[in-house]
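# Fold and contact review
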Amino acid sequence: MKTMKSALLGLTMLGVAATATAQGEQFIPLLSYRVGPYAAGGSGYFGGAIDYFNLINATGGVNGVKIIYEECETEYNTSRGVECYERLKTKHGGASTIDPLSTGIAYALLDRVAQDGIPMTTFGYGRADSADGRVFKWVFPVGTTYWSQAAAMIAYLGQKVGGVDKLKGKKIVHLYHDSAFGKEPIPVLEALAAKHGFELIKIAVAHPGNTQESQWLQIRQARPDYVILWGWGVMNPTALKAAAKIGFPRDKVIGVWWAGSEEDVIPAGDAAKGYITAAFSAPGTGFPVMQDIKNKLYASGKGNLDDPSRLGSIYHTRGVSYGVIIVEAIRKAQEKFGKGKVMTPEQVRWGLENLNLTEARIKELGVGGMFPPIKTSCLDHEGSGMVRFQQWDGNGFKALTPFMSGDKEMVRKMVDAGAAKYAAEKKITPRDCAKEG
Amino acid sequence: MIYREAGQFKTSYEADAAIFPIRQDRIGIAVILVLAYLVMPFVATPYIFTAILTPFLILSLAAIGLNILTGYCGQLSLGTAAFMAIGAFASYNFMLRVPGMPILVAFALSGGISALVGMVFGLPSLRIRGFYLAVTTLAAQFFIVWCLAKIGWFSNYSSSGVITAQEVTILGYEFVSPESRYLLVLVIVSLLALAAKNLVRSNTGRSWMAVRDMDVAAEVIGIRLMPAKLTAFAISSFYCGVAGALYAYLYLGTVEPEAYNLDLSFRILFMIIIGGVGSILGSFLGSAFITLLPVFLSLVVAFLETTVHLPLSKAITSNLELMAFGALIIFFLIVEPHGLARLWQIAKEKLRLWPFPY
C-alpha cells in the first residue's frame, strides 16, 4: 500500500513537473487592489509590475521562461487578502513569490508563507525586523525597511544642518498615522534622539486624518525645526494644507515614502510646493525600460494603466522596480539551478537571498538610478537600506540627494534584537548562515 | 407537504420544549452537521478550509455575540470588533505570561476578560438607549483599540503593536493543518451556538427579549433591568472575545490592533441585519452572505475571464464585483427587511402548505 502510494505520488509529481516544464511558465500571483480608498497606490504599483512582466515576456522571457500572473482583488482588506493568497498559491503549478502591498495582509501571511514555502517580499513596508533572514527565512523586505528609512531621514536632516552633531538641541516632530505603520519607526527615532541629543515630539493623527487643526496647533506651539510626516492616504494633503495655514515652511516637512507620490501632493495644490519626501525608487519616463514599456506596450494598447499619463509616476516606477527585482531573483536562481527552467518557490527564495544588483547591472537592465544597488544575503534580507530625498516643485519630484543611508549599524542591532524576540516567542531556531550555500 | 407535521405528536414536556420540534428540521440539522463534521474534512481542499469555512465560522460566532446583544436584548452596539480584539490580546497574554496555559482555557478566560470589559461599557445602557447607546459603544471601539495599540504591555512591547499568535496545541496535538484548525473551530462554534440557542430560550433570554420589546413594561412585570442588560453585554462580549481569539489564533496568525477596526464592527452588524436580527440561524446566514458572496462573485468573474475572455480590464471587473455585491444587499433588504432568516421562515411556512396554499 505504502509503495503504491509513493509510486502514485511520484507519478503525479512527474506529471506536474512535466507539465510545468512543458509550459515553461513561472507563475506570480498578484494580490492587487483597484477599488477602495487605496486604489491609486494599488493600480499604479501592480500596473507597473504587470507592465514589466509583459515587457519581459515580449522580449523572450527569463532565458525563455515566460512569466504568467493572475490578479486577485483584495480591496486592501486582510481577510480578502488571505482568501486571495489561498486561492492563487496552488494555481498554474504553484506560486513563485508574493507581495501583498499591505501591512495587514503581510502580517497575516507571515506564518502561512513559511509553512507553504513561498517567499514573500515586502517592498518598503511590513516588519522591519524581518530583515534578519536567519529568523525570517521566507520574508524579504527588499530595498529598505521603515527603520532604515527613519535613520536615513535623520541622517539627511543632519546633512541639512551641517553634520549630525549639529542636531543637538533641535526639535523634531514625528507626526504619524496612529497605526502599526506610523508607530513602526518610533524605536529608531527615539534611539537616534538619545544618541544625537535632539528632542523628539511624537504627535499621533487618528485614521483617516482629515482634520489636523489641533495637531498643527501643537506643532505651532512647539516651534520644531523639522516635521517628519509619517502619513498615509488623505492624511498627507491635509497635513500639507494645515502646514501652509500656520505658515510652517514646507521644505522643513519630510515625508515618508508612502506620503511621497503625486496622489499625495497634487490634492494639496500650492501648499505642497517645496515639500520633501523620502523615496526608494525614482520616478520618471526617461529610463530605457520606461521607454520600452511606452513604445512596445502602450503604443499598441497593451499597457496596464488605464490612464497612460500615470506612466512613470512614483507608484508606477515602484511597481516596475518590484518587477525588475523579482525577475532578477528568478534569473539568479536559474544561474544556479538551470537556465531556462521553471524555478520552484524554494529556488526563487534562494535567488532573492543571493541577489546582487550592482550599479552596473542595474544600468544594464535599463533602470540605472531607479533604485539603489541591492545585495542580499542569508543574514540580510534587506540588501540596501538606502533612500533618496526628493522635493515637489509643483510639477514633479526633483531629486535632492543620491541614494543614502543612515546609521545602519544601530538599525541592524535593533533588527537583531527584534528578530531574536520574535524567534523566542515563536520558538524558531535561527538558521546558521555559515551553513547556507 | 414537505414540512407537514401531521402525525408528529408531542407526548412530553421535553418533546414540546425541544430546540427543533419538527422532525424535518431535526433531519435537516443532522444532515448539516454530518456534512460539516464527516464529509467536509474529506472532500474540501485546503483553500476551502482556510479561506472560506474557517473565517465564515469565526465571524458567525461574532455575529451570534452581537445578535445576543442587539437582536435579543435590543442594545445597539458598534464595538463588536473591539471586544474581539480584547479576546485576541487577552489570549496572547495568557499564553505568553502563564506557563503551561492550555489554549482552550486561554480562549475561555479571554472571553471572560472581554465579558468584564463589556459589562463596564454596558453600564451606560442603564441610563441611555438607542442611538445614544450606539455612540457609547462606538467610543468603546475606538478607546479599546487605541489602548491596545498605546500600552506596550498588551503586545509584549512589540515596536508596532502587533501580536503573533502562539502555536495551538491541545494534549500534545499541534493544530497546524487546515482541516484540523477547521475542525477545532467547528467544535467550538457549534458548542457555543448550541449554548446560545438554549440561552435565548431560557429565562435569561426571555427577559432580554422583554427588555428589547419595551423596557418599561419589562420592569413592570418584574424583570430587573440592570442584571438583564448587563448579562446581555457580558455574554455578548464573551462570544465576541472568543471569536476574536479564534480569529487571531486559527485564522490570521499575526495581527495588528488595526485588524479589529470599526470596519469589522460594521461588517458584523451588517451580517446580523442581513441575516436576521434576533435569530441564531440568521447569524450564520448573514455571515455567509457577507464573507462568502464577495468571494463567490470574484470567482465568477475569474471564471468568466478564463473561459469567455472578458475584454474588460481588472480595474473594471473589480468595480463590477463591488457593485454587484451592493446591489444584492439592496435587493435582499427590499425583498425581506427582516433578514434571510425570516425569508427561510416564510419559505418553511409555504412548504408546509405546498402544493395546496389554502
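Just so you know, these numbers come straight off a predicted model, no measurement behind them.

Reading the values: the criteria
Residues numbered from 1 in each chain as written. Chains lettered and ligands numbered in written order. Predicted model: local features only at pLDDT ≥ 70, side-chain atom pairs only at ≥ 80, totals over all residues. Helix = DSSP H or I, 4+ residues; strand = E, 2+ residues; numbered from the N terminus. Rg over C-alpha atoms; globule rule 2.2 N^0.38 Å. Buried ≥ 20, exposed ≤ 12 C-beta atoms within 10 Å, placed from the backbone. Contact = placed C-beta atoms within 7 Å. Pairing = 2+ DSSP bridges. Axes fitted to C-alpha atoms, helices over the stretch in contact; angles between N-to-C directions. Expected span 1.5 Å × (residues − 1). Bend = angle between axes of the 7 residues up to and from the residue. Parallel < 35°, antiparallel > 145°, perpendicular 65-115°, else oblique. Domains from an automatic or database assignment. Nonpolar A, V, L, I, M, F, W, Y, C, P; charged D, E, K, R; others polar. Core = buried A, V, L, I, M, F, W, Y, C linked by C-beta atoms within 7 Å.

Scanning chain A from terminus to terminus reveals 15 helices and 13 strands. For chain A, the C-alpha radius of gyration of 22 Å lies close to 22 Å, the compact-globule estimate for 437 residues. With respect to the three principal axes, the spread of C-alpha positions in chain A is 75 × 55 × 40 Å. Buried positions account for 57% of the 437 residues belonging to chain A. Partitioning the contacts of chain A with sequence separation of at least 6, the portion at a separation of at least 24 is 69%.

A few words on the sheet that holds strand β13 (residues 397-399) of chain A. The strands that make up a sheet pair up through hydrogen bonds in the backbone, lying either parallel or antiparallel. Residue and element names in this part refer to chain A. The seven strands are arranged β6-β5-β7-β8-β9-β12-β13 in an open sheet whose pairing can be described as mixed. Two strands bound the open sheet, and with one partner strand each, they are β6 (199-205) and β13. Taken over all neighbouring pairs, the strand axes of this sheet differ in orientation by 30° on average, direction set aside. Pairing analysis gives four bridges linking strand β9 (residues 276-279) to strand β12 (residues 388-392), with the strands arranged antiparallel. What sits directly across from Ala 278, in β12, is Phe 389. Along the sheet, helix α5 (residues 146-161) contacts β7 (226-230), β8 (253-255), β9 and β12; its crossing angle with β9, the most-contacted strand, is approximately 135°. Along the sheet face, helix α7 (residues 186-196) touches β5 (171-177) and β6 and points at about 160° away from the line of β6.

Residue and element names in this part refer to chain B. When the terminal C-alpha atoms of helix α10 (residues 225-252) are compared, their 38 Å separation across 28 residues agrees well with the 40 Å that a helix rising 1.5 Å per residue should span. If you look at α10, its biggest bend is around 25°, right at Leu 246. The buried count for α10 comes to 25 of 28 residues, which makes it a mostly enclosed element. After α10 finishes, the residue Gly 253 shows a positive phi value of roughly 95°.

Moving on: the pairing of β9(A). All names here are of chain A. Here β9 shows a buried face lined by Ile 276 and Ala 278 and a second buried face lined by Thr 277 and Ala 279. Pairing of β8 with β9, which is carried by two bridges, proceeds in the parallel orientation. If you follow Ile 254 over to β9, its bridge partner there is Ile 276.

Time to look at the packing of helix α2 (residues 39-58) of chain A against helix α11 (residues 288-297) of chain A. Residue and element names in this part refer to chain A. α11 packs onto α2 with a crossing angle of 75° between their chain directions and a minimal axis gap of 10 Å. Classed by the angle they form, the pair α2 and α11 counts as roughly perpendicular. Taking contact as the criterion, the partners of Asp 51, Asn 54, Leu 55 and Ala 58 in α2 are, on α11, Asp 292, Ile 293, Lys 296 and Leu 297.

By a widely used convention, the size of an interface equals the accessible area lost when the partners come together. All names here are of chain A. Segmenting chain A into domains produces domain 1 (24-144 + 283-375) and domain 2 (147-279 + 390-409). One C-alpha centre belongs to domain 1, the other to domain 2, and the line joining them spans 28 Å. Listed by partner, the interface residues are 12 residues for domain 1 and 15 residues for domain 2. When its residues are assigned to classes, the side of domain 1 that touches domain 2 shows eight nonpolar, four polar and no charged.

Our next topic: the interface of chain B and chain A. Taken residue by residue, the interface counts 25 residues in chain B and 29 residues in chain A. Counting residues per element, the side of chain B that touches chain A draws most heavily on helix α13 (residues 314-335) of chain B, at six residues. Counted by class, the side of chain B that touches chain A contains 10 nonpolar, 11 polar and four charged residues.

What follows concerns the nonpolar core. All names here are of chain B. Among the nonpolar cores identified, the biggest contains 231 residues, and Leu 61, Ala 85 and Leu 246 are the most heavily contacted of them. The leading source of residues in this core is α10, at 19 residues. Ignoring any residue separated from it by four or fewer positions in sequence, one finds Ala 85 in contact with Ile 144, Val 145, Leu 148, Gly 244, Pro 257 and Tyr 260.

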